[in-house]
Amino acid sequence: MEVVGNDLYMLKETKSLRLEEIEAITTMYQPLLSSRAICLYFSLLKMPISTQPYDTHSHLCERMNCSISELIDARKELEHYLLLKSYVTNMAKSNVYIYEVKRPLTKIKFLKHDVFSRILVNKVGNDYIERISKDIHELKDYSNYTEITELMNISLESWTDFKEEEFQAIISSIPEKKRTDVYQVFDIISYLKRHDANEFQFKWSKWDKKCIDRINELGQYFKLTNEQMIIALNGAYSVKTYGIDFSKLEDLCRMYSTVEFKTDINDDPLKYALSIHPRKILTDGEKNDILVIKEKYASIVSNETINNAISSCISNTREHHIVLNYISKVIDGIINEKNKKVTSKPSTSGKRRRVEEIPVYSEPIINETIDENQIKANLELLKRMKG
């Protein structure tokens, strides 16, 4: 949306930065931002002294000594690094903007950030990061102290599988806290090291990299919280082998996910069925039925035809089950209807007679001579097809 000088802006709230936050801006963010963006950030911490709670963008440009286009570029920079959120509404034929200034990440959190830290390294090099890390370490060097913190002795011998199931059922109903970091990368192992360090729930140290990567991929794709993934893992984890049934895990992730995935009538039938099913999951038998349908009809009809039959089945069957016979009958009916298409022409006696439609060929038909053995082979093939 184009911003003009007379457009008004307001601040959602006034901010006052702490010394460590100012230091974070100057050491971590400043190498990645233009001087104009830094200027805009500090300009938006507090509205200028005025009797009005709003001001114009042209006045803001005067304070920053820049043009409107330069102001917009600076605003987008701050938004990219989550230092600013911008809102707009229309009022009396002009736009009114609300700017919400966000506090910067601390130096430690910035260095631990999956995206920002890597961008900073690319920009300033490892030497700069090492100097910051050393500075952080020196400020919090407790090596000369002896820790005397006492931790409780954990004993969960009386904890049973039944209690675990009850516990998971209870916590699954607790509303999940929304992620605040839109760049967050799903990392199940970091979570388990903090919350299941003794490997009571899962023997996660037995999982290989391929297994961990797959869990993280599912968590990222379905945008699950760590707590939701733990509940899903409980349903797909084997206490005997420490392994994970990933087919089941994917179904559970889909069930707990709030993401609305776009579907297309021409998608793969299995993917389409999963996306439109009210339960968001299919039983192994239902998955197998769809695979049978695909194998039987994929070369005869389009995915659209198969998916329409699946949709009809889910809508009209009890409990919204996938029923092989139902889908087969729907598709067979469509095929039969197509085969029965005829062109009606009046006969000389005044009665209408059915005339099969003559196919149009783009190339002339070449009749080849077929010997007796070939005829027998074709008859056998026809019998097998009918069977």
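Structure's up top.
Below you will find a few notes about this structure. Everything numeric here is computed off the predicted structure, so don't read it as measured data.

Quick notes on the overall build of the protein chain
(1) Moving on: Scanning the protein chain from terminus to terminus reveals 17 helices and six strands.
(2) Moving on: Among the 387 residues that make up the protein chain, the fraction classed as buried is 31%.
(3) Moving on: For the protein chain, contacts bridging at least 24 residues in sequence account for 66% of all contacts bridging at least 6.

Some details on the pairing of strand S1 (residues 8–11)
(1) Moving on: Burial along S1 is one-sided: the face carrying Tyr 9 and Leu 11 is buried and the face carrying Leu 8 and Met 10 is not.
(2) Moving on: With four bridges joining them, S1 and strand S4 (residues 94–101) adopt parallel strand pairing. Each residue of the ladder has a partner; that of Met 10, found in S4, is Ile 98.

What about the packing of aromatic side chains?
(1) Moving on: Scanning all chains against the criterion turns up 10 aromatic pairs.
(2) Moving on: Residues Phe 202 and Tyr 237 carry aromatic rings whose centres are separated by 5.0 Å and whose planes lie at 85° to one another, so their mutual orientation is edge-to-face. Of this pair, Phe 202 sits in the loop between helix H9 (188–195) and helix H10 (209–221) while Tyr 237 sits in the loop between helix H11 (226–236) and helix H12 (246–256); the two residues are 35 residues apart in sequence, bridging distant segments of the chain.
(3) Moving on: Judged by relative accessible area, Tyr 237 falls into the buried class, the value being 14%.

Looking at the environment of Asp 289
(1) Moving on: Mapping Asp 289 onto the fold places it in helix H14 (residues 284–297).
(2) Moving on: Owing to a relative accessible area of 18%, Asp 289 belongs among the buried residues under this scheme.
(3) Moving on: When the C-alpha positions of Asp 289 and Asn 325 are compared, they lie 9.2 Å apart, and in sequence the two are 36 residues distant.
(4) Moving on: Setting aside its immediate chain neighbours within four residues, Asp 289 contacts Ile 322 and Leu 324.

Re the pattern of salt bridges
(1) Moving on: Taken as a whole, this structure holds 17 salt bridges when the rule is applied.
(2) Moving on: A salt bridge links Lys 107 to Glu 23, with the shortest nitrogen-to-oxygen separation between them at 2.9 Å. Here Lys 107, found in helix H5 (residues 107–112), pairs with Glu 23, found in helix H1 (residues 19–29); they are 84 residues apart in sequence, far enough to count as distant.
(3) Moving on: A residue is classified by how much of its surface remains accessible, and Lys 107, at 12% relative accessible area, is buried.
(4) Moving on: Using a relative accessible area of 31% as the deciding quantity, one classes Glu 23 as partly exposed.

Rules used throughout
- Residues numbered from 1 in each chain as written.
- Predicted model: local features only at pLDDT ≥ 70, side-chain atom pairs only at ≥ 80, totals over all residues.
- Heavy atoms only, no water.
- Helix = DSSP H or I, 4+ residues; strand = E, 2+ residues; numbered from the N terminus.
- Buried < 20%, exposed > 50% of the residue type's maximum accessible area, 1.4 Å probe, protein only.
- Contact = heavy atoms within 4.5 Å.
- Pairing = 2+ DSSP bridges.
- Phe/Tyr/Trp six-rings, centres within 6.5 Å; stacked < 30°, edge-to-face > 60°.
- Salt bridge = Lys/Arg side-chain N within 4 Å of Asp/Glu carboxyl O.

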